[in-house]
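Observations on the model geometry
Spelled out from the first residue to the last, the chains are:
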Amino acid sequence: MRDKISRLLMIAALTLGFTGIRNGALAGRLEDSMAAYDHGDYATAVRLARPLAEQGNAQAQNSLGAMYYNGKGVVKDFKEAIKWYRLAAAQGNISAQINLASMYYEGEGVAENFVRAHMWLNIAAAQGSPDAARMRDTVLKDMTAQQLTEAQAMALKCATSNYKQCD
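Residues numbered from 1 in each chain as written. Predicted model: local features only at pLDDT ≥ 70, side-chain atom pairs only at ≥ 80, totals over all residues. Heavy atoms only, no water.

So, about the state of the cysteines. Inspection of the entire model under this criterion finds 1 disulfide. A disulfide bridge connects Cys158 with Cys166, and the sulfur atoms are separated by 1.8 Å. Because the sign of the S-S torsion sets the handedness, a value of about 75 degrees for the bond joining Cys158 and Cys166 places this disulfide among the right-handed ones. (Disulfide = S-S within 2.5 Å.)

Okay, here's the thing in structure tokens:
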């Protein structure tokens, strides 16, 4: 069962890594980074995404997190992936929230934590992600009633604090 959930989470995490970056003032550099990634030029993708991520662009942060997660253009580093996903998730980036949930679910770069995985999936689902809702409901099968109550309270606190009180 966990293998099925893991596959679902990772499919969403990987397919959502570069979605939604085609608008805004920084679209050119983001699109160039995505194009480089799509062509296997991961070093260029990182070089273009990093300054945007460091400037606080949530989409670039999520993309950089995905590159660290997959070891594309950088040495694979789950802790660094977590760092970038957290920054993007705290700005409401749904893809990063799902990616972060996946890492909590699997215990990659952080201790395995179904409560935090559920919390982030619940937040992403509340923003309208049907994939996050399905994954959240699947993660629920590994949780106790007490853990569910805790996850729901954490999600509410996180969302109402504008992502300032999530960890």
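Our focus in this paragraph is helix α4 (residues 58-70). With 13 residues, α4 extends 18 Å from end C-alpha to end C-alpha; this agrees with the ideal 18 Å at 1.5 Å per step. In terms of burial, α4 is largely enclosed, as 11 of its 13 residues are buried. Every buried residue of α4 is listed here: Ala58, Ala60, Gln61, Asn62, Ser63, Leu64, Gly65, Ala66, Met67, Tyr68 and Tyr69. Positive phi appears at Gly71, one or two residues downstream of α4, with a value of about 65 degrees. (Helix = DSSP H or I, 4+ residues; strand = E, 2+ residues; numbered from the N terminus. Expected span 1.5 Å × (residues − 1). Buried < 20%, exposed > 50% of the residue type's maximum accessible area, 1.4 Å probe, protein only.)

This brings us to the environment of Ala53. Summarising the element assignment, Ala53 is placed in helix α3 (residues 42-54). Residues Ala53 and Trp84, spaced 31 residues apart in sequence, show a C-alpha to C-alpha distance of 8.0 Å. Aside from chain neighbours lying at most four places away, what touches Ala53 is Ala60, Gln61, Leu64 and Trp84. (Contact = heavy atoms within 4.5 Å.)

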